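If you want the building blocks of each chain, they are given just below.
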Amino acid sequence: QNLLRYRGFARVALMPLVATSLKERDQGVEDLNAAFEADPTDLEALIQLADLYRLDWIQALNTNRPAAVASSMKLLSATIDRMRDAFPDDPRFLARELDFMIESRIRLDSSLRGQLQIREQLRGIEEPLIERFLTCDPGLLSSELIANTFSSGRAIWNVRADDYND
């Protein structure tokens with residue numbers, strides 16, 4: 001099952017870089033689901049599965065395919081729910097959930113007014129996660145996790161009108 005896990009990870013890593021067939025993408029989904037079923041403590045398998053659905057969602061948005069946008073968002077949301085059920089207090093899940101929440105809200109309205117309103121609504125949403133970082137088992141944290149979280153926070157905190165064209 002470890003081989004399936006890493007093959008699934010590789011498929012997700014390659015998706016934004018090279019053309020991926022539907023068969024290869026589906027194989028990645030199967031591999032990651034099998035890895036999690038074999039080891040229900042494997043949060044990373046679910047994170048990679050969520051990333052795969054996120055990439056599907058972005059591609060559907062970029063190619064203006066509303067049915068695919070809805071389908072991939074439904075799969076992404078269901079995977080986030082699986083992570084929440086299995087790892088509700090894990091800071092790695094909480095950070096990924098925050099990233100997806102921020103990205104999904106920001107991508108849906110690219111106008112300056114929409115961006116500013118969304119960012120104002122999201123301001124402070126990262127504070128519970130930062131508190132969790134301060135109280136969790138340090139073994140759950142990595143410099144990459146912390147850097148990515150603060151990068152997401154900057155997407156909310158550093159808003160200037162001249163960053164956007166309306």
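Residues numbered from 1 in each chain as written. Predicted model: local features only at pLDDT ≥ 70, side-chain atom pairs only at ≥ 80, totals over all residues. Heavy atoms only, no water.

Points about the overall build of the protein
A tally of regular secondary structure across the protein gives eight helices and zero strands. Listing every helix and strand of the protein by position from the N terminus yields α-α-α-α-α-α-α-α. Out of the 166 residues belonging to the protein, those deemed buried represent 39%. Here the analysis covers contacts within the protein between residues at least 6 apart in sequence; of these, 66% occur between residues at least 24 apart. Accessible surface, the protein as shown: approximately 9600 Å² in total, 53% of it carbon and sulfur. (Helix = DSSP H or I, 4+ residues; strand = E, 2+ residues; numbered from the N terminus. Buried < 20%, exposed > 50% of the residue type's maximum accessible area, 1.4 Å probe, protein only. Contact = heavy atoms within 4.5 Å. Areas by Shrake-Rupley, 256 points an atom, 1.4 Å probe, with all protein chains shown as cover.)

Topic: unusual backbone geometry
In this model, N64 sits at a positive phi of 55°, which is unusual for a non-glycine residue. Summarising the element assignment, N64 is placed in the loop between helix 3 (43-62) and helix 4 (66-86).

Side note on the side chain of D56
Positionally, D56 belongs in helix 3. Not counting residues up to four positions away in its chain, the partners in contact with D56 are M15, R25 and S72.

Things to note about the packing of helix 3 against helix 4
It is at 8 Å that the axes of helix 3 and helix 4 come closest, and there the two elements cross at 165°. Considered as vectors, helix 3 and helix 4 are oriented roughly antiparallel to each other. As for how helix 3 packs across helix 4, the hand of that crossing is left-handed. Contact residues: L43, L46, I47, L49, A50, Y53, R54, D56, W57, A60 and L61 in helix 3; A68, V69, S72, M73, L75, L76, T79, R82 and M83 in helix 4. (Axes fitted to C-alpha atoms, helices over the stretch in contact; angles between N-to-C directions. Parallel < 35°, antiparallel > 145°, perpendicular 65-115°, else oblique. Left-handed = near helix turned anticlockwise from the far one by under 90°.)

Describing the environment of L32
Here L32 is to be found in helix 2 (residues 22-38). The class for L32 is buried, based on a relative accessible area of 1%. Between the C-alpha atom of L32 and that of R5, which follows or precedes it by 27 residues, the distance is 5.6 Å.

Considering the environment of P40
Along the chain, P40 falls in the loop between helix 2 and helix 3. In this structure, the C-alpha to C-alpha distance between P40 and A86, residues 46 residues apart in sequence, is 7.9 Å.

Description of helix 6 (residues 112-122)
Of all the residues in helix 6, the buried ones are L112, G114, Q115, I118, R119 and L122. What you see down the axis of helix 6 is that its buried residues fit within an arc of 165°, all on one side. Projecting away from the buried face of helix 6 at angles above 90 degrees are the exposed residues R113, E120 and Q121. Following helix 6 by one or two positions, G124 has its phi on the positive side, about 95°. (Arc of directions from axis to C-beta.)

Focus on the packing of aromatic side chains
Applying the stated criterion to the full structure yields two aromatic pairs. Taking the centre distance of 6.4 Å and the plane angle of 65° together, the rings of F36 and F87 count as edge-to-face. Linking F36 in helix 2 with F87 in the loop between helix 4 and helix 5 (91-107), this pair joins segments that are 51 residues apart in sequence. Residues F36 and F87 agree in their burial class; the two are buried. (Phe/Tyr/Trp six-rings, centres within 6.5 Å; stacked < 30°, edge-to-face > 60°.)

Some points on a nonpolar patch on the surface
Residues L14, L17 and V18 make up a contiguous nonpolar surface patch of about 300 Å² in total accessible area. Looking at the element boundaries, L14 is found in helix 1 (residues 2-14). (Patch = residues over 30% accessible without salt bridge, like charges linked within 9 Å, V, L, I, M, F, W, Y side chains within 5 Å. Salt bridge = Lys/Arg side-chain N within 4 Å of Asp/Glu carboxyl O.)

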